[in-house]
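The lines below spell out each chain.
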Amino acid sequence: MKRNKQILKEIKNLVMEYKALNEKTDIPAFKKSIGLTIKSAKIQGNARKPLSTYSDEEILTILFDNNKTLQLQAAPESTVGDETYIYPDKDVKKMKGKTIQDIKNLDYDTEVVITMTDGSSFTFKCDSESAEGAIFNYYFK
């Protein structure tokens, strides 16, 4: 019994260490967005990226004051043209005028948390209509 508790504790520590590594902002699109002020934000359903093979996606597009954009594209994990969705925890229009302080990528690319300089935060999750799931792809232009 004592050995089992020790193993469970070690597993818990490894999981926490993995999560801490995964949460670091090492995605170039995120690094470029930190410190920029948001001009507008919107979620587009069934939008298409030029190089994308998926037809039923949703994309969160954040336009900054310097006319650069950050896009979070919900794409299916399977090769089937599965419909994908982005679920925001708040109205994306409330992001207008706020400056990004930090962006974290959580839960195996399915959740993004954007923290603003005023202390507010916005959480976005992506999912698909099937059991295959979805992940975010990131673009900064």
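Residues numbered from 1 in each chain as written. Predicted model: local features only at pLDDT ≥ 70, side-chain atom pairs only at ≥ 80, totals over all residues. Heavy atoms only, no water.

Caption draft 1: Structural detail: the overall build of the chain. Counting secondary structure elements, the chain contains two helices and eight strands. In sequence order, the chain lays out its α and β elements as α-α-β-β-β-β-β-β-β-β. Here the chain holds 141 residues, and 37% of them are scored as buried. In the chain, the proportion of contacts linking residues at least 24 apart, taken out of those at least 6 apart, comes to 59%. About 8600 Å² of surface is accessible on the chain, with carbon and sulfur atoms providing 51% of the total. (Helix = DSSP H or I, 4+ residues; strand = E, 2+ residues; numbered from the N terminus. Buried < 20%, exposed > 50% of the residue type's maximum accessible area, 1.4 Å probe, protein only. Contact = heavy atoms within 4.5 Å. Areas by Shrake-Rupley, 256 points an atom, 1.4 Å probe, with all protein chains shown as cover.)

Caption draft 2: Layout of the pattern of salt bridges. Tallied over the entire structure, the rule returns two salt bridges. One salt bridge in this structure joins Asp-118 and Lys-98, with 2.8 Å as the shortest N-O distance. With Asp-118 in the loop between β6 (111-116) and β7 (121-128) and Lys-98 in the loop between β4 (84-88) and β5 (100-106), this residue pair connects regions lying 20 residues apart in the sequence. Where Lys-104 meets Asp-102, a salt bridge forms, and the shortest distance between an N and an O atom there is 2.9 Å. Exposure remark for Lys-104: the relative accessible area of 30% places this residue in the partly exposed category. (Salt bridge = Lys/Arg side-chain N within 4 Å of Asp/Glu carboxyl O.)

Caption draft 3: Quick look at the pairing of β7. As paired elements, β4 and β7 share five bridges and run antiparallel to each other. Across the sheet, the residue bridging to Ile-86 is Cys-126, located in β7. Bridging between β6 and β7 involves five bridges; their strand directions are antiparallel. The partner of Val-113 across the bridge, within β7, is Thr-123. Where β6 folds back on β7, the antiparallel hairpin that results is connected by four residues, among which Gly-119 adopts a positive phi of roughly 95°. (Pairing = 2+ DSSP bridges.)

Caption draft 4: Seen up close, the sheet that holds β6. Overall, antiparallel pairing links the four strands, which are arranged β4-β7-β6-β5 in an open sheet. Among the strands making up the open sheet, the edge pair consists of β4 and β5. On average, each strand axis in the sheet is tilted by 15° relative to the strand beside it, whichever way the strands run. (Axes fitted to C-alpha atoms, helices over the stretch in contact; angles between N-to-C directions.)

Caption draft 5: Highlighting the packing of aromatic side chains. A complete count under the given rule lists four aromatic pairs for this structure. Residues Phe-64 and Phe-140 carry aromatic rings whose centres are separated by 6.3 Å and whose planes lie at 40° to one another, so their mutual orientation is tilted. A residue pair is termed long-range when its members are at least 10 positions apart, and Phe-64 in strand β2 (residues 57-64) and Phe-140 in strand β8 (residues 134-140) qualify at 76 residues. A relative accessible area of 0% places Phe-64 in the buried class. On the accessibility criterion, Phe-140 (22% relative accessible area) is partly exposed. (Phe/Tyr/Trp six-rings, centres within 6.5 Å; stacked < 30°, edge-to-face > 60°.)

Caption draft 6: Structural detail: the environment of Thr-37. Within the fold, Thr-37 resides in the loop between α2 (28-33) and β1 (38-47). Among the residues examined, Thr-37 registers a relative accessible area of 23% and is labelled partly exposed. If we ignore the near neighbours within four places in the chain, the residues touching Thr-37 are Leu-63, Phe-64, Asp-65, Gly-97, Lys-98 and Thr-99. Looking at Thr-37, its side chain comes within polar contact range of the side chain of Thr-99, at 2.8 Å. (Polar contact = N/O pair within 3.5 Å; in protein donor to acceptor, adjacent residues only side chain to side chain.)

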